[in-house]
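Listed below are the residues making up each chain.
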Amino acid sequence: MKIASINVNGIRDAVDRGFLDWLAQQDADVVCVQNIKAKSFELGDHILYPEGYEGYFLDAEEDGFAGVALYCRKIPKAIMYGLGFPQCDHEGRFLQADYDRFSIATFLMPDGSDQKAKQAFMEQYQEYLTKMSRKRREYIICGTWHIAHKTVDLANWSDNQLTSGFRPEERAWMDQVLGPTGFIDTFREINRDAGEYTWWPKLDQDVPRDRQEGWRIDYQLVGPNFRRHVVDAWIDYDATFSEFAPLIVEYDLAL
């Protein structure tokens, strides 16, 4: 099973830059998309239902803001829209597909431009993650968490210790998620190297990504029982339709 996660930062612009061509080449079972920045009813069928996929969308109430989507090759048994608290649901930040043995979610954390709003979201989201970790069902949560967990996860970390996304309280929150709460960072199960990033704040198309100061703020998290199913994980640096790069993980499971 191959799952890809990508923050398109505006799906219509991403499509203009080759997102659908990239999607057609992936042969992914599920593609988790964040930051749609469009109402789904405004999008054409070629975006809503790319060949071979069924598309599911959760729009933000505000125009041109947030929103998440799932592209699924196999139709899920159920779709869960939102988490039940207004900040998440009104802003279109969580969408989950349920299959027989596990669930796959696409998720978008607030970016921290309003730090109080981000902190409030994290507190409510932590309650949900704790409940998820206690269930027998397994989860794969994919998306932009807008937090670089360790110093290895961003360039020039020493100058960013008070920057949103690397503040001490945000990193401590990720310590909780990836510690006592019990979730596993699938990418770090495979790759322990520094210099692996998914987002470049000042993307310059004339400068290769490997020469830019990036952050790794996108994750696919699983419960401890799924650790053994992670086969491979990588970042697709060749996909340049967004200032985010896709994170792709392969599991020895079938939908």
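Every value quoted in this text rests on a predicted model; they were computed, and no experiment measured them.

**Quick look at the pattern of salt bridges**
Logical step 1: Evaluation of the coordinates by the stated rule reveals 13 salt bridges.
Logical step 2: Two residues, D63 and K39, come together in a salt bridge whose shortest N-O distance is 2.8 Å. Note that D63 is positioned in the loop between strand 3 (54-58) and strand 4 (68-72) and K39 in the loop between strand 2 (30-34) and helix 3 (45-48), a separation of 24 residues in sequence.
Logical step 3: A salt bridge links E189 to R227; the shortest N-O distance between them is 3.1 Å. One end of the pair, E189, is in helix 7 (residues 186-190); the other, R227, is in the loop between strand 10 (218-222) and strand 11 (230-235), with 38 residues separating them in the sequence.
Logical step 4: Residue E189 is classed as partly exposed on the basis of its relative accessible area, which comes to 28%.

**As for the environment of T106**
Logical step 1: Tracing the sequence through the fold places T106 in strand 7 (residues 102-108).
Logical step 2: Given the relative accessible area of 0%, T106 is considered buried.
Logical step 3: When the C-alpha atoms of T106 and L95 are compared, they prove to be 5.4 Å apart, with 11 residues separating the residues in sequence.
Logical step 4: Contact partners of T106, with chain neighbours within four places excluded, come to C32, V33, Q34, V68, A69, L70, R93, F94, L95 and C142.
Logical step 5: At a separation of 3.0 Å, a polar atom in the side chain of T106 contacts the main-chain carbonyl oxygen of V33.

**What about helix 2 (residues 19-26)?**
Logical step 1: All of the buried residues along helix 2 are F19, L20, W22, L23 and Q26. One side of helix 2 carries all its buried residues, which in axial view fall inside an arc of 155°. Turned more than 90 degrees away from the buried face of helix 2 sit D21, A24 and Q25, all of them exposed.
Logical step 2: Its buried side turned inward, helix 2 meets strand 1 (2-7), helix 1 (11-16), strand 2, helix 3, strand 4 and strand 12 (247-251).
Logical step 3: Downstream of helix 2 by one or two residues, D27 has phi in the positive range, about 55°.

Parameters at a glance
Residues numbered from 1 in each chain as written. Predicted model: local features only at pLDDT ≥ 70, side-chain atom pairs only at ≥ 80, totals over all residues. Heavy atoms only, no water. Salt bridge = Lys/Arg side-chain N within 4 Å of Asp/Glu carboxyl O. Helix = DSSP H or I, 4+ residues; strand = E, 2+ residues; numbered from the N terminus. Buried < 20%, exposed > 50% of the residue type's maximum accessible area, 1.4 Å probe, protein only. Contact = heavy atoms within 4.5 Å. Polar contact = N/O pair within 3.5 Å; in protein donor to acceptor, adjacent residues only side chain to side chain. Arc of directions from axis to C-beta.

Keep in mind these values describe shape, not function.
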